[in-house]
Amino acid sequence: MTKLKIAYSPCPNDTFVFDAWAHGRVPDAPRLDVTFADIDITNGWAESGTDGHDVLKVSYAVLPWILDEYALLPCGGALGRGCGPLVLTREDATGADLAGKTVAVPSERSTAYLLFRLWAAEKVPGGVGNVVVMPFHEIMPAVRDGKVDAGLVIHEARFTYKDYGLHRLADMGEHWESTTGLPIPLGAIVARRSLGAQTLRRLAEAARTSVRMAWDDPAVSRPYVMEHAQEMDPKVADQHIGLYVNEFTADLGEHGYAAVRGLLTRAAAEGLVPPLGPDALAFP
């Protein structure tokens, strides 16, 4: 069978999840041709539909624009508790202090951005003044150097922001969980509907098996994880995996789907995304 083209990030959670599958150790799984790309890039590929990839890791926030062409796989992604994006500043501040200020975000098509906008609607009187998009690894230096007033950060920045002398203004995950009781939907795995229902089910089973193999023997995935971890400290990589790879990665389940619907329904009510159809998240 021709290799399926897949794109996911070089972040430890993705390389941990896909290690076994990418290296041909998942029995009877389709073979993969892997591309590494930041999630803002894969979001754009999914929206354009012209990149040629069969499977993509994207933000849950982009789903309303792509579900006509792509199906959400019920596994392989990142969704959990205590793992939300943070708003960081150089000095201690409150939400009210962001009124009219400039905030850097990793993407306007990201779950982090939706969570931030839902939080700001409640906590920032009159709203922020300007939102600028920059690669997530540039955000903390920009806040530290005073190029922006605040930054919305994701991934391992949860563990390293103090190294930049920054302060945590708010945790978007804490706000989401306290107001909804639901886990936080972050990254999703989607595949082209044109592959057909049978292949989509094979892909889901391969992703599920791959993550379970990684759990069974984490040491096997370590070389792949660290090869692509961008000089990350191994302890930080382990924390990253511990936060973002959990039971929802193996199976979204009832609570996972409720979280996705909850986020996108609230975001649609704020005019941030188009509304979802009733069967948009259904898996073949």
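Residues numbered from 1 in each chain as written. Predicted model: local features only at pLDDT ≥ 70, side-chain atom pairs only at ≥ 80, totals over all residues. Heavy atoms only, no water.

Draft legend 1. Here's a closer look at the overall build of the protein chain. Looking only at helices and strands, one finds twelve helices and eleven strands in the protein chain. Counting the 284 residues in the protein chain, one finds 55% classified as buried. The contacts of the protein chain with a sequence gap of at least 6 include a subset with a gap of at least 24, amounting to 81%. Total accessible area computed for the protein chain in this model is approximately 12100 Å², and 47% of it derives from carbon and sulfur atoms. Each charge class in the protein chain can be summarised by its mean position, and for the 26 positive and 36 negative side chains these summaries are 2 Å apart. (Helix = DSSP H or I, 4+ residues; strand = E, 2+ residues; numbered from the N terminus. Buried < 20%, exposed > 50% of the residue type's maximum accessible area, 1.4 Å probe, protein only. Contact = heavy atoms within 4.5 Å. Areas by Shrake-Rupley, 256 points an atom, 1.4 Å probe, with all protein chains shown as cover. Lys, Arg positive; Asp, Glu negative; His and termini not counted. Charge placed at Lys NZ, Arg CZ, Asp CG, Glu CD.)

Draft legend 2. Summary view of the environment of Gly271. Topologically, Gly271 is positioned in the segment after helix H12 (253-269). Classification of Gly271 by relative accessible area gives exposed; the value is 62%. Sequence separation of Gly271 and Asp28 is 243 residues, and the distance between their C-alpha atoms is 43 Å.

Draft legend 3. Seen up close, the nonpolar core. Formed by 55 residues in total, the largest nonpolar core has its most connected members in Val58, Leu63, Val87 and Trp119. The greatest single-element share of this core, amounting to eight residues, is contributed by helix H4 (residues 111-123). Ignoring any residue separated from it by four or fewer positions in sequence, one finds Val58 in contact with Ile39, Thr42, Asn43, Ala46, Leu63, Ile66, Leu186, Gly187, Ala188 and Val190. Judged by nonpolar contacts, the second largest core, of 33 residues, contains Phe18, Ala206, Val236 and Ala237. (Core = buried A, V, L, I, M, F, W, Y, C linked by side-chain atoms within 4.5 Å.)

Draft legend 4. Examining the side chain of Lys57 more closely. Here Lys57 lies in strand E3 (residues 55-59). Assessed through its relative accessible area of 6%, Lys57 is described here as buried. In contact with Lys57, other than residues within four places in its own chain, are Ala7, Tyr8, Asn13, Asp14, Ile39, Thr42, Gly187, Ala188 and Ile189.

Draft legend 5. Examining the sheet that holds strand E10 (residues 167-171) more closely. Taken together, five strands build an open sheet; the order of strands is E8-E7-E9-E6-E10 and the sheet is mixed. Of all the strands in the sheet, the pair left with one neighbour each is strand E8 (130-133) and E10. Between one strand and the next, the sheet's axes are offset by a mean angle of 25°, whatever the strand orientation. The strands touched by helix H5 (residues 136-144) within the sheet are strand E6 (86-89), strand E7 (102-105) and strand E9 (150-153), with E9 carrying the most contacts at an inclination of about 160°. Its contacts with the sheet place helix H7 (residues 172-180) against E6, E9 and E10, and it is angled at close to 25° to E10. (Pairing = 2+ DSSP bridges. Axes fitted to C-alpha atoms, helices over the stretch in contact; angles between N-to-C directions.)

Draft legend 6. The packing of H4 against H12, seen in detail. Between H4 and H12, the shortest axis-to-axis distance is 10 Å and the interhelical angle comes to 55°. Relative to H12, the element H4 lies oblique. Handedness of the H4/H12 crossing: left-handed. Contacts between H4 and H12 involve Thr111, Leu114, Leu115 and Leu118 from the former and Leu263, Leu264, Arg266 and Ala267 from the latter. Broken down by class, the residue content of the contact of H4 with H12 amounts to six nonpolar, one polar and one charged. (Parallel < 35°, antiparallel > 145°, perpendicular 65-115°, else oblique. Left-handed = near helix turned anticlockwise from the far one by under 90°. Nonpolar A, V, L, I, M, F, W, Y, C, P; charged D, E, K, R; others polar.)

Draft legend 7. Layout of the pairing of E8. In terms of strand pairing, E7 meets E8 through four bridges, oriented parallel. Bridge pairing in E8 links Val103 to Val131. Between the parallel pair E7 and E8, the chain is carried across by H4, and the sense of this crossover is right-handed. (Right-handed = clockwise from strand over helix to strand, strands pointing away.)

Draft legend 8. Highlighting the pattern of salt bridges. The final tally for this structure, using the stated rule, is ten salt bridges. Its salt-bridge partner being Asp171, residue Arg168 comes within 3.8 Å of it at the nearest N-O pair. Judged by relative accessible area, Arg168 falls into the partly exposed class, the value being 40%. Since its relative accessible area comes to 7%, Asp171 is described here as buried. Salt-bridge contacts for Asp238 lead to Arg222; the nearest nitrogen and oxygen are separated by 2.4 Å. You can see Asp238 sitting in helix H10 (residues 234-244) and its partner Arg222 sitting in helix H9 (residues 218-227), a full 16 residues away along the chain. We classify Asp238 as partly exposed; its relative accessible area is 39%. Assessed through its relative accessible area of 31%, Arg222 is described here as partly exposed. Taken together, the salt bridges that share partners define one network made up of Arg168, Asp171 and Glu174. (Salt bridge = Lys/Arg side-chain N within 4 Å of Asp/Glu carboxyl O.)

Draft legend 9. Fine view of unusual backbone geometry. Phi is positive for Asp28, which is not a glycine, with a value near 65°. Tracing the backbone through its elements, the reader meets Asp28 in the loop between helix H1 (12-22) and strand E2 (32-36).

Draft legend 10. Fine view of the pairing of E3. Counting buried positions over the five residues of E3 gives five, a clear majority of the element. Pairing analysis gives two bridges linking strand E1 (residues 4-8) to E3, with the strands arranged parallel. Within E3, the residue paired with Ile6 across the bridge is Val55. Two strands pair when backbone bridges link them, and E3 and strand E11 (residues 184-192) are joined in this way by five bridges, in the antiparallel orientation. Across the sheet, Lys57 pairs through a bridge with Ile189, a residue of E11.

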